[in-house]
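Structural characterization, general
Letter by letter, the chains look like this.
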Amino acid sequence: MKRFFTLLGTELRLSLRSPDMILFAILMPVIVLVVVRIVFGAGSEGSGAGMIDLTFGAFLAIGVCAVGLMGLPLGLAEYRHRKVLKRLQVTPVHPGLLLSVQLIAQAAVSIVSALLVAATAVIAFGVRLEGSLVTVVAAYLLVMISIFAIGLVIASTARDVKRAGIIASVVYFPMLLFSGTTIPFPVFPEAVQRAAAVLPLRHGIEILNAATLGEPLGGMLPQIGLLAAIAVAGIIVSLRTFRWDME
Amino acid sequence: MKNLDILTVRGLSKSYGQLQAVRDVSFSVAAGEIFGILGPNGSGKTTTIECVLGTRSKGTGEVAVLGQDPVSDRRNVFRRVGVQFQDSAWQPGIRVGEICRATACLYDPEPDWRPMLESFDLAKREHTAVESLSGGERQKLSILLACIHGPELVFLDELTTGLDPLARRETWGFIRRMQENGTSVVLTSHFMDEVEQLCGRAMILRDGQKVAEGTVAELEARGEGKNLEESYIRLVGGTL
């Protein structure tokens, strides 16, 4: 355990020292929140549930995506490219330890992003959380782990840093644009909304929205099961296909 | 009674596409020995070391490091083996003390790296970013990291390339002290004075094949030169 925390501490210090990813993952969701709030306004036809409430889960998901689909795979691909992993290959370290350190270090960035979004929504815009905090946190962690697992698979299977960048972008941008993160989902035509069902994050945002609005999650078991399955499968695949070097 | 050979390599071959990088190379290293691998650039020194370590897949041949397979027994082997690669790799932005701590924590029991930092004259650099070190300091750091856990066997690829004469002598002293403490060493080098100073035995590679093996005196005799350097140049096909 001490080993895990030593490595985690090193990773966290390193990520504080290269702040571009942090800005990308932490500031962008807050900016999008503010912009969407200004452009789309607070409410729709006095229904009580404003647009901002409907998409609150989406704002949380922006940070998850930036960290899980860009920061995590690109960071690992760079370590492989720079032969940092090759140096670790000739030590007794277990690949699972390295991957979990990366996972937790990036989760920390993602969680800071979520807290900042939540604080901005509550303090600046008076958004109230309708659902239980425990449910929201659980939903958030489920979405985060499943998206991170996809990022780990990209990290393990991409042959080099260039390809990791391409694959990450191909997964990241559609997920970001069409899951209802930056652009509120109700804006899309119905066909696009239906097609978006292939994006795991779409289901994640539905779960997050339901959790933040205090709606019962019983009807969402298929979505919850899907994300849990993605999380488990992704972690297994990334461990099985883990490569130290780009031979 | 344990096998005294700490490393055995039999019939190692490796090719990259059409290029046969290593061809049927066999050698063994006895406990407590410093063994040199010499040869011109591209002769297969690094490929040999990497195939032995399992960081490159070997084509054919048998490798036993401390009696174990470095691929299937990776974690057990590298608890007792240290490696310094020719092109050492660092996380961007990491500092000297941080990489020492992060490397030391991988071993049981966790080694105390501060005295080593002192002995390599790097203590004042503890809070310096690795990329801000001089080439020689980085080289010393990568040797330190390879030896941080007091390995029984250590691989050093181009041990003193980039070091100034003083730092080379210091590094030789460090290697000798490790040997006195029972560590075996496999090193590659382009410097014949280094080989004369350190190696009990060495082998010379040329185009991926072993052309000679023996003590410094034996290699000198094989090449019929006035000294090791002359013999080496003859053995690898050069002209004096």
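Summary of the structure given here. (Residues numbered from 1 in each chain as written. Chains lettered and ligands numbered in written order. Predicted model: local features only at pLDDT ≥ 70, side-chain atom pairs only at ≥ 80, totals over all residues. Heavy atoms only, no water.)

Considerations on helix H6 (residues 95-125) of chain A
Selection criterion: Note on conventions: DSSP H or I runs of at least 4 residues are helices, E runs of at least 2 residues are strands, and numbering of each starts at the N terminus. Take the number of residues in a helix, subtract one, and multiply by 1.5 Å to get its expected span.
The end-to-end C-alpha distance of H6(A) is 44 Å, a good match for the 45 Å that 31 residues give at a rise of 1.5 Å each. Gly126(A) occupies a position one or two residues after H6(A) and carries a positive phi of about 60°.

So, the side chain of Glu194(B)
All names here are of chain B. Just so we agree on the cut-off: Within 3.5 Å is the distance limit for a polar contact, defined as a pair of N or O atoms, with the added protein rule that one can donate a hydrogen and the other accept it, and that residues adjacent in sequence qualify only through two side-chain atoms. The contact rule is simple, with two residues in contact once any of their heavy atoms fall within 4.5 Å.
Relative to the helices and strands, Glu194 resides in helix H7 (residues 192-198). For Glu194, the side chain forms a polar contact with the side chain of Trp172, separated by 3.0 Å. Setting aside anything within four residues of it in sequence, one finds Glu194 in contact with Leu159, Thr160, Arg168, Trp172, Ser189 and Cys199.

What about the interface of chain B and chain A?
This is how the line gets drawn: Defined here as a combined quantity, buried area equals the accessible surface (1.4 Å probe) lost by two parts on assembly, summed across both. Salt bridge, as used here, is a side-chain nitrogen of Lys or Arg placed within 4 Å of a carboxyl oxygen of Asp or Glu. Here the term charged refers only to Asp, Glu, Lys and Arg, the term nonpolar to Ala, Val, Leu, Ile, Met, Phe, Trp, Tyr, Cys and Pro, and the term polar to all other amino acids, Gly among them.
Taken together, the contact pairs 32 residues of chain B with 27 residues of chain A. Buried area between chain B and chain A, both sides added, is near 2,700 Å², and the carbon and sulfur share of it is 54%. Lys86(A) is the partner of Glu50(B) in a salt bridge, and the nearest nitrogen-oxygen pair spans 2.6 Å. For the interface between chain B and chain A, the tally reads 14 residue pairs in polar contact (both at pLDDT 80 or more). Counting residues per element, the ones that place at least two in the side of chain B that touches chain A are helix H1 (45-53), helix H2 (74-80), strand E5 (81-84) and helix H3 (96-104) of chain B. Looking at the side of chain B that touches chain A element by element, the count peaks at five residues for H3(B). Here the side of chain B that touches chain A is built from residues that sort into 15 nonpolar, six polar and eleven charged.

Section: the packing of helix H7 (residues 133-157) of chain A against helix H8 (residues 161-178) of chain A
Residues and elements named next belong to chain A. Applicable threshold: Geometry is summarised by axes, namely lines fitted to C-alpha atoms with helices restricted to the contacting stretch, and by angles between N-to-C directions that run from 0 to 180 degrees. When an angle is under 35 degrees it counts as roughly parallel; over 145 it counts as roughly antiparallel; between 65 and 115 it counts as roughly perpendicular; any other value is oblique. Crossing handedness follows the turn of the near helix against the far one: under a right angle anticlockwise gives a left-handed crossing, and clockwise gives a right-handed one.
The interhelical angle for the contact between H7 and H8, taken along N-to-C directions, is 155°, at an axis separation of 10 Å. In terms of axis orientation, H7 runs roughly antiparallel to H8. Crossing geometry of H7 relative to H8 is assigned as right-handed. Residue-level inspection shows Ile147, Ile150 and Ile154 of H7 in contact with H8, the latter providing Ala164, Ile167, Ala168, Val171 and Met175. Of the residues belonging to the contact of H7 with H8, the class tally is eight nonpolar, no polar and no charged.

Topic: the packing of aromatic side chains
What counts is decided by this rule: The aromatic pairing rule takes the rings of Phe, Tyr and Trp, using the six-membered ring of Trp, and pairs them if the centres are within 6.5 Å, calling planes under 30 degrees apart stacked, those over 60 edge-to-face and the rest tilted. Burial here depends on accessible area, computed with a 1.4 Å probe over protein chains only, as a share of the maximum for the residue type. Under 20% is buried, over 50% is exposed, and the range in between is partly exposed. Both a distance and an angle decide whether a charge sits over a ring: NZ of Lys or CZ of Arg must be within 6 Å of the ring centre and within 35 degrees of the ring normal.
Tallied over the entire structure, the rule returns six aromatic pairs over all chains. Consider the rings of Phe4(A) and Phe5(A), whose centres lie 5.3 Å apart with planes at 80°: the pair is edge-to-face. The exposure class of Phe4(A) is buried, given its relative accessible area of 12%. Note that Lys86(A) overlies the ring of Phe85(B), its terminal NZ or CZ placed 4.5 Å from the centroid. Positioned above the aromatic ring of Phe191(B), the side-chain terminus of Arg168(B) is 4.5 Å from the ring centre.

Concerning the sheet that holds strand E1 (residues 5-16) of chain B
All names here are of chain B. Note the threshold: Only strands that DSSP links by at least two bridges are regarded as paired with each other.
The antiparallel open sheet is built from three strands, whose spatial order is E2-E1-E4. Among the strands making up the open sheet, the edge pair consists of strand E2 (19-30) and strand E4 (60-65). Within this sheet the neighbouring strands show an average axis-to-axis angle of 15°, counted without direction. Where E1 lies against E2, eight bridges are found, and the strand directions are antiparallel. Looking at E2, one finds that Leu12 is bridged to Val25. Here H1 sits on the sheet in contact with E1, E2 and E4, set at roughly 115° to E1.

Comments concerning the pattern of salt bridges
Inspection of the entire model under this criterion finds 22 salt bridges over all chains. With a closest N to O distance of 2.8 Å, Glu110(B) and Lys2(A) form a salt bridge. Taken together, the residues Glu110(B) in the loop between H3 and helix H4 (114-119) and Lys2(A) in helix H1 (residues 2-17) connect one chain to another. The exposure class of Glu110(B) is partly exposed, given its relative accessible area of 36%. You can call Lys2(A) exposed: its relative accessible area is 56%. What emerges from the salt-bridge pattern is a single network uniting Glu33(B), Arg201(B), Lys210(B) and Glu213(B).

Looking at the side chain of Gln106(A)
All names here are of chain A. You can see Gln106 is positioned in helix H6. The buried category is assigned to Gln106, whose relative accessible area is 12%. Discounting residues that sit within four places of it in the chain, Gln106 has contacts with Val67, Gly71, Leu72 and Phe148.

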